[in-house]
Amino acid sequence: MSGESKIEDKIRSKLANRKQTNSLRVLRTESNIIDFCSNDYLGFAKNISVKAVKDQGATGSRLISGNSKQFERIENKIAAFHNAPAGLIFNSGYDANIGLFSCIADKGDTIIYDQNIHASIRDGIRLSNARSFSFEHNNIDALEKKLQQADGHILVAIESVYSMDGDEARLEEIVAICEKHKADIILDEAHATGVIGKNGEGLAQSLNLEVKIFARVHTFGKAMGCHGAIVLGSKDLRQYLINFARSFIYTTALSKQSLNAIESAYDKLKESDDLIEQLSHNISLFQSLLSKKLQSKLISSTSPIQCILIPENETVKKVEAGLQKKGLNIRAIMHPTVEKGKERIRICIHSFNTEKEIKMCVSSLEKLVI
Ligand SMILES: Cc1ncc(COP(=O)(O)O)c(C=O)c1O
């Protein structure tokens, strides 16, 4: 959230404590000194013996041998693209969320999360010592009731685009209510990255609200076509995660190859407004072709995630099988991934799907869904 946010004070004080006790972790970039610290025991990653492996491994965690100038340059570049002071790359969105949520709130603090939040955030919350409450999906009154019951530092976890329904968070209202109750927002932009905003900057930036969000998580495994994720926030938050996020500290870093791919994807994104427009056109086309019957089963969404509710695992599985038979790779989402009765066919629309493919998809659905 804003610079005077209380959670930022806590972060600074925990970092100061680490400094005082000489236990502050800092990242160092590579140097030409003799390697007696990496885990690259046979030198494979340095191409001493196996060409195909060169640069595939980072040789160690970021805090030991896996960090590089390339890492820090790309983090700065992505943070600038998303108008954030700093960013820290994690190996995946799952790692980013469990790392962030498990360390950001302590005993006595409260995490309030939308009931449709992603499993990675739920797991991160489970690993933290904070109290936690869910609130009814996208319901501002329900959120406010939970905010009134909260103690300590209050964090609110939401997604820009919910991965199973495809609908958007009511971000402007959530920001207003969180400001009123002095709560900090963590926004998972996984399905908004590359999709929302003129250049795919995400929901927060498309609404000019990024400065009001304490931390944003952008993942690279979806529209970016790569792997990994970045947590965006203040410089202190970055330093804090380096020191306390265990899924960052205790794992081998991403490889140079992965970083090259991430950088190239971000470079491409800057000139992809036509693809983003085409995607949006295809989503509208898909919706406009649906009959009243299918529209009544459609979960309201303007994102590429379009879901048709077909209750019961057995029924939805049959529809999935029928679609696959017609050569359409569309998956059923079943209970327990979603609530009983909310089983669905989940269609992901892409910029590259042709009009013919979209028409075929809709006509197949019309025939298979009773
Ligand atoms: C909302 C959301 N957050 C986080 C993740 C995890 O990202 P990753 O696949 O990079 O681990 C996903 C992936 O399904 C997601 O949908």
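Participant: What is the right way to read the site of the ligand from this model?
Facilitator: The immediate surroundings of the ligand are formed by 13 residues, with G93, Y94, D188, H191 and K222 found nearest. Within the backbone of G93, one N or O atom sits 2.7 Å away from an oxygen atom of the ligand. Take Y94: an N or O atom from its main chain is 2.8 Å from an oxygen atom of the ligand. Coverage of the ligand by the protein amounts to 80% of the 390 Å² it exposes when considered alone. Examining the composition of the shell around the ligand, we find that 3 residues originate from one element, helix 4 (residues 93-104), more than from any other.

Participant: Can you walk me through the side chain of H82 in this structure?
Facilitator: Assignment of secondary structure puts H82 in the loop between helix 3 (69-81) and strand 1 (86-90). Residues contacting H82, with those up to four places away along its chain left out, are G200, E201, Q205, E210, R216, H218, L232 and Y266.

Participant: It is not clear to me how the domain arrangement of the protein should be interpreted in this structure. Could you clarify?
Facilitator: By the assigned domains, the protein splits into domain 1 (6-269) and domain 2 (273-368). Measuring from the centre of the C-alpha atoms in domain 1 to the corresponding centre in domain 2 gives 30 Å. With 18 residues of domain 1 at the contact, the number on the domain 2 side is 18 residues. Summing the contributions of domain 1 and of domain 2, the shared interface buries around 1100 Å²; its carbon and sulfur component is 57%. The largest share of the area that domain 1 buries against domain 2 comes from M164, D165 and V195, three residues that together contribute 45% of it. Scanning the region where domain 1 abuts domain 2 turns up 2 salt bridges. Ionic pairing is found between K198 and D273, a salt bridge with its closest N-O pair at 3.3 Å. Here domain 1 is connected to domain 2 by 6 residue pairs in polar contact (both at pLDDT 80 or more). Grouping the constituent residues of the side of domain 1 that touches domain 2 by class yields 5 nonpolar, 8 polar and 5 charged.

Participant: How should I be thinking about the nonpolar core in this particular structure?
Facilitator: One recurring pattern in soluble globular proteins: nonpolar side chains tend to sit buried together. Counting residues in hydrophobic clusters, the biggest one holds 90 residues, and the most contacted among them are L100, I104, I158, F286, I345 and L365. In terms of domain composition, this core takes at least three residues from each of domain 1 (6-269) and domain 2 (273-368). I89, F220, M224 and L232 belong to the second largest nonpolar core, which has 21 residues in total.

Participant: Could you clarify how one ought to interpret the sheet that holds strand 9 (residues 331-333) in this entry?
Facilitator: Through backbone hydrogen bonds, the strands of a sheet pair up, either in parallel or in antiparallel fashion. Read from one edge to the other, the open sheet built from 3 strands follows the order 8-10-9, with strand pairing classed as antiparallel. Each end of this open sheet is capped by a strand with a single partner; those strands are strand 8 (305-309) and strand 9. Along the sheet, successive strands turn relative to each other by an average axial angle of 35°, direction set aside. Sitting on the sheet, helix 14 (residues 313-325) touches strand 9 and strand 10 (344-348), and the angle it makes with strand 10 is about 35°.

Participant: What am I meant to see in the environment of Y266 here?
Facilitator: Mapped onto the secondary structure, Y266 falls in helix 11 (residues 256-269). Note: C-alpha distance between Y266 and I78 (188 residues apart in sequence) is 7.5 Å. In contact with Y266, other than residues within four places in its own chain, are I78, F81, H82, T193, H218, F220 and M224.

Participant: Even after reading the chapter, I still don't get the pattern of salt bridges, so can you show me in this structure?
Facilitator: On inspection of all chains with the given rule, the structure shows 22 salt bridges. The residue E75 makes a salt bridge to R62 at a minimum N-O spacing of 3.0 Å. One end of the pair, E75, is in helix 3; the other, R62, is in helix 2 (residues 62-66), and 13 residues separate them in sequence. Residue E75 is classed as buried on the basis of its relative accessible area of 1%. You can call R62 buried: its relative accessible area is 2%. If you follow the salt bridges from partner to partner, you end up with K10, K14, D106 and D109 in one network.

Participant: Would you take a moment to explain the packing of aromatic side chains for this structure?
Facilitator: Within a pair of aromatic rings, the relevant descriptors are the distance that separates the centres and the angle that separates the planes. Scanning all chains against the criterion turns up 4 aromatic pairs. Both rings, one in F90 and one in F248, keep their centres 5.7 Å apart while their planes meet at 65°; by these two values the pair is edge-to-face. In this pair, F90 is assigned in strand 1 and F248 in helix 10 (residues 246-249), connecting sequence segments 158 residues apart. When sorted by exposure, F90 lands in the same class as F248, which is buried. Between F220 and Y266, the ring centres sit 5.9 Å apart and the planes meet at 90°, which makes this aromatic pair edge-to-face. Residue F220 is found in the loop between strand 6 (215-219) and strand 7 (229-233), and its partner Y266 is found in helix 11; the two are separated by 46 residues along the sequence. No difference in accessibility class separates F220 from Y266, as the two residues are buried.

About the cut-offs
Going along each chain's sequence as written, the residues are numbered from 1 onward. Confidence filtering applies because this is a predicted model: local features only for residues at pLDDT of at least 70, side-chain atom pairs given and counted only at 80 or more, and all residues used for totals across whole chains, interfaces and linings. The basis for the side-chain values is all heavy atoms of the structure; hydrogens and waters are excluded. In these notes, residues near a molecule or strand are those with any non-hydrogen atom within 4 Å of it. The term polar contact refers here to a pair of N or O atoms within 3.5 Å; inside protein, the definition further demands a hydrogen-donor-capable atom paired with an acceptor-capable atom, and it admits residues adjacent in sequence only when both atoms are side-chain atoms. Under the convention used here, a 1.4 Å probe and the Shrake-Rupley method define accessible areas, while residue burial counts only the protein chains that appear. Here a helix means four or more residues in a row that DSSP labels H or I, a strand means two or more in a row labelled E, and each is numbered from the N terminus. The contact criterion used is simple: two residues touch if any of their non-hydrogen atoms lie within 4.5 Å. An automatic or database domain assignment supplies the residue ranges for each domain. In this description, buried area is defined as the sum, over both parts, of the accessible area (probe of 1.4 Å) that is lost when the two are combined. Within this document, salt bridges are pairs made up of a side-chain nitrogen of Lys or Arg and a carboxyl oxygen of Asp or Glu, the two lying within 4 Å of each other. Each residue gets one of three labels, nonpolar for Ala, Val, Leu, Ile, Met, Phe, Trp, Tyr, Cys and Pro, charged for Asp, Glu, Lys and Arg, and polar for the others, Gly among them. Buried Ala, Val, Leu, Ile, Met, Phe, Trp, Tyr and Cys residues form a nonpolar core when they are joined through side-chain atoms within 4.5 Å. For each residue, the accessible area found with a 1.4 Å probe, counting protein chains only, is set against the maximum for its type, and the residue is called buried under 20%, exposed over 50%, and partly exposed in between. A pair of strands is treated as paired once DSSP finds two or more bridges between them. Axis definition: a line fitted to C-alpha atoms, over the contacting stretch in the case of helices. Angles run 0 to 180 degrees between N-to-C directions. Pairing of aromatic side chains here covers Phe, Tyr and the six-membered ring of Trp, requires ring centres within 6.5 Å, and sorts the geometry by plane angle: under 30 degrees stacked, over 60 edge-to-face, intermediate tilted.

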